Amino acid sequence: MAKCFRSTAANDAAVIRAAVLKSTDSPLTIENIELPPPAAGEVHVRLAAAGVCHSDLSLANGTLSQPVPAVLGHEASGTVIAVGAGVINVRPGNHVLLNWSPSCGTCWFCTHGEPYLCEQTAKAWQRRYARLADGTALYAGLGTAAFGEETIVPSSAVVALPADVNLEGAALLGCAMLTGVGAVINSADVQRGESVVVFGTGGVGLSVLQGARLVGAEVVIGVDVAADKEDRARANGATDFMLAGDQAARGIRDRTEGRGADHAFDCVGSATTIRQAWSSTRRGGRTTVVGIGEKDEKVEFNPQEIFYFGRVLCGCVFGSTDVSRDLPRLLEHVQSGRIRPQDLVTNRIRLEDAPDALARMAVGKGARSLIIY
Ligand SMILES: [Zn+2]
Ligand SMILES: [Zn+2]
């Protein structure tokens, strides 16, 4: 335990290893970086595990904007090493989950039950938090910078976890599972006995499948372009698995008495899959778009079909999650074994393997890679 505590005297920078994005669309490189001691309101965390999320790839390749140089990584757990002045929500030794979507609690959205749309969250993503050996300031990707052995975050970006929680599994709650399970429960409000189809069975798609299983959906169909994703989709709650394409559209109708599914979830974010998801639902069905797509793609609908089918198409930010309400519930489900974060993991890796994990993700291989520190 004693080694968890270190001096926070002024100028006593910690030197740690991190995977650094030096320029947009370049491979991450492993560097020694310097972390200053936590300032007032900040928390110094030693990471235990960090998932490699599709948003990390989108930030690295420029699909989402990210100032550089930066350390990405936003789905992670760890142990508090030290806290700055005025921090009261955690203390050294606490197990914590990083929260890349901190909400201010006072803006219009926060005070109207939609903290996942907080007006202040994006500001937390523009933070410089460390420096390279040559003194160049480093940005913290999504404010958290979890692709490093340690990080410094605002106290609003950590949530205390129970002391007995498995930190490796808990890391995946921070993005994939709060997003996927939240999409099912908060955004779509899937009911017991309903039918669900999930396009894309990566980390978030698998979390949606687990959410559908949790709420008792009767038919749960995973759709992916890769046949080798079937076993994992079924292990995470899919009752059926179909390869993307015309056959999937027919298969979905066959499994839903010709009507189409009550719910579709697009976990890819492409114009093609959004359109397929929408078309796979029944009249009056609901499509929830969870994946983050590109700015310059267009999804087409004709006015008559919008009227005739009476369907709902809904965007979903971070599973419409209120972390303070939803994380304790999710932890209960993890403790009871009804939600299984470890089942998302296809690759347990070291920090050095983070560049390869992004490359795998870019070609659609595997589900979650989990960095173990
Ligand atoms: Zn707010
Ligand atoms: Zn994420």
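Residues numbered from 1 in each chain as written. Chains lettered and ligands numbered in written order. Predicted model: local features only at pLDDT ≥ 70, side-chain atom pairs only at ≥ 80, totals over all residues.

A. Just the confidence of the model for the protein chain, in detail. With 97% of its residues at a pLDDT of at least 70, the protein chain reaches an overall mean of 95. Considering only residues more than four positions removed or in separate chains, one finds that residues 1–10, a stretch of pLDDT under 50, has 14 contacts. (pLDDT = per-residue confidence, 0-100. Contact = placed C-beta atoms within 7 Å.)

B. Focus on helix H1 (residues 54–61). Of all the residues in H1, the buried ones are His54, Ser55, Asp56, Leu59 and Ala60. Buried residues belonging to H1 abut strand S1 (14–21), strand S3 (42–52) and helix H10 (354–362). In the stretch just after H1, Gly62 is the one whose phi turns positive, near 95°. (Buried ≥ 20, exposed ≤ 12 C-beta atoms within 10 Å, placed from the backbone. Helix = DSSP H or I, 4+ residues; strand = E, 2+ residues; numbered from the N terminus.)

C. Geometry of the sheet that holds strand S8 (residues 137–140). Within the closed barrel, the five strands sit side by side as S1-S2-S7-S8-S4. Their pairing is mixed. Bridging between strand S4 (residues 70–71) and S8 involves two bridges; their strand directions are parallel. The residue bridging Val71 from the neighbouring strand is Ala140, located in S8. (Pairing = 2+ DSSP bridges.)

D. Structural view of unusual backbone geometry. In this structure, the amide linkage connecting Val68 to the following residue, Pro69, adopts the cis form with an omega of 0°. Here Pro69 shows up in the loop between H1 and S4. Within the chain, Ala145 stands out as a residue other than glycine whose phi angle is a positive 55°. Backbone geometry at Ser320 places phi at a positive 45°, although glycine is not the residue there. With respect to the helices and strands, the residue Ser320 is situated in the loop between strand S16 (312–315) and helix H9 (323–336). For Ser320, a count of 24 C-beta atoms within 10 Å puts it in the buried group.

E. Region of interest: helix H3 (residues 173–187). With 15 residues, H3 extends only 17 Å from end C-alpha to end C-alpha; this falls clearly short of the ideal 21 Å at 1.5 Å per step. Along H3, the sharpest kink reaches roughly 30°, centred on Val181. With 15 of 15 residues buried, H3 is to be regarded as a mostly interior element. (Expected span 1.5 Å × (residues − 1). Bend = angle between axes of the 7 residues up to and from the residue.)

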